[in-house]
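Summary of the model geometry
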Amino acid sequence: PLDLEQLQLAIFEKTQRIISSEILSGYIKNYEFYCNKTSVSITAYYDVIVNVQKDVYDKKDVVEADIIILNKGDIPDIDTVLIYYLTDSLGSKFGISREQFQEVPIGRNILNRNIKLPVNALYGEWRFNVEYYTLVQPTIFVYDTFSLRESLISIKTVKNPLRITM
């Protein structure tokens, strides 16, 4: 029989040979592999969804998103890690945050998270990225997109305006 430590080593040190996996809608079902010549099967039932609050933001805004973790299994997910951050159109990462939870309950879990746009943010399409994994289940990566636009109204004040007289 395998103990939990052997199982974790097999998964994280990549010593397993994957026999099969079925991926459906962001969660893995029937993940089977070999560990110490023993066939092991894990059925994982979770999904992650991210929804930004607005489609368009201005510089200096705070991007808010709902991160929904759907635990569809029979037991709570334990030792889970949630990582979220923004990426611009060039792939640069901003505002990386990492949270670890001892347990994520069965059912729908909604987390509201926000990240302030950087001062030097590029205009264009951006992503709010989320990575979620547990000790025994692989990473799910999801994102939602939004646009960063240039402000339509720009007021400039001029100190000591130059006056030309003729």
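So, here is what we can say about the structure in this document. Nothing here was measured: the structure is a model prediction, and the numbers come from that model.

**Examining the side chain of Glu131**
With respect to the helices, strands and loops of the structure, Glu131 is situated in strand E10 (residues 124-133). Looking at Glu131, its side chain comes within polar contact range of the side chain of Tyr85, at 2.8 Å. What Glu131 contacts, discounting residues up to four positions off in sequence, is Val81, Leu82, Ile83, Tyr85, Thr139, Ile140 and Phe141.

**Digging into the sheet that holds strand E4 (residues 46-52)**
Taken together, three strands build an open sheet; the order of strands is E4-E6-E9 and the sheet is antiparallel. Whereas interior strands pair on both sides, the edge strands pair on one side only; in this sheet they are E4 and strand E9 (107-116). Shown here is a sheet whose adjacent strand axes are inclined to one another by a mean of 20 degrees, direction ignored. Bridge count between E4 and strand E6 (residues 62-71): seven bridges; the pairing is antiparallel. Across the sheet, residue Asp47 finds its bridge partner in E6, namely Leu70.

**With respect to the environment of Glu125**
Assignment of secondary structure puts Glu125 in strand E10. Given the relative accessible area of 48%, Glu125 is considered partly exposed. C-alpha of Glu125 to C-alpha of Thr145: the two residues are 20 residues apart in sequence and 6.8 Å apart in space. Leaving out residues up to four positions away in the same chain, Glu125 has contacts with Asp88, Ser89, Thr145, Phe146 and Ser147.

**Observations regarding the pattern of salt bridges**
Applying the stated criterion to the full structure yields three salt bridges. Of the charged contacts in the structure, one is a salt bridge between Asp61 and Lys54, with a shortest N-O distance of 3.9 Å. One salt bridge connects Arg149 with Asp58, and the closest N-O pair in it is separated by 3.0 Å. A residue pair is termed long-range when its members are at least 10 positions apart, and Arg149 in strand E11 (residues 140-149) and Asp58 in strand E5 (residues 56-58) qualify at 91 residues.

**Observations regarding the packing of aromatic side chains**
For the structure on display, the rule yields five aromatic pairs. Residues Phe141 and Tyr143 carry aromatic rings whose centres are separated by 6.1 Å and whose planes lie at 45 degrees to one another, so their mutual orientation is tilted. Chaining the aromatic ring pairs together yields one cluster made of Tyr57, Phe94, Trp126 and Phe146.

Analysis parameters
- Residues numbered from 1 in each chain as written.
- Predicted model: local features only at pLDDT ≥ 70, side-chain atom pairs only at ≥ 80, totals over all residues.
- Heavy atoms only, no water.
- Helix = DSSP H or I, 4+ residues; strand = E, 2+ residues; numbered from the N terminus.
- Polar contact = N/O pair within 3.5 Å; in protein donor to acceptor, adjacent residues only side chain to side chain.
- Contact = heavy atoms within 4.5 Å.
- Pairing = 2+ DSSP bridges.
- Axes fitted to C-alpha atoms, helices over the stretch in contact; angles between N-to-C directions.
- Buried < 20%, exposed > 50% of the residue type's maximum accessible area, 1.4 Å probe, protein only.
- Salt bridge = Lys/Arg side-chain N within 4 Å of Asp/Glu carboxyl O.
- Phe/Tyr/Trp six-rings, centres within 6.5 Å; stacked < 30°, edge-to-face > 60°.

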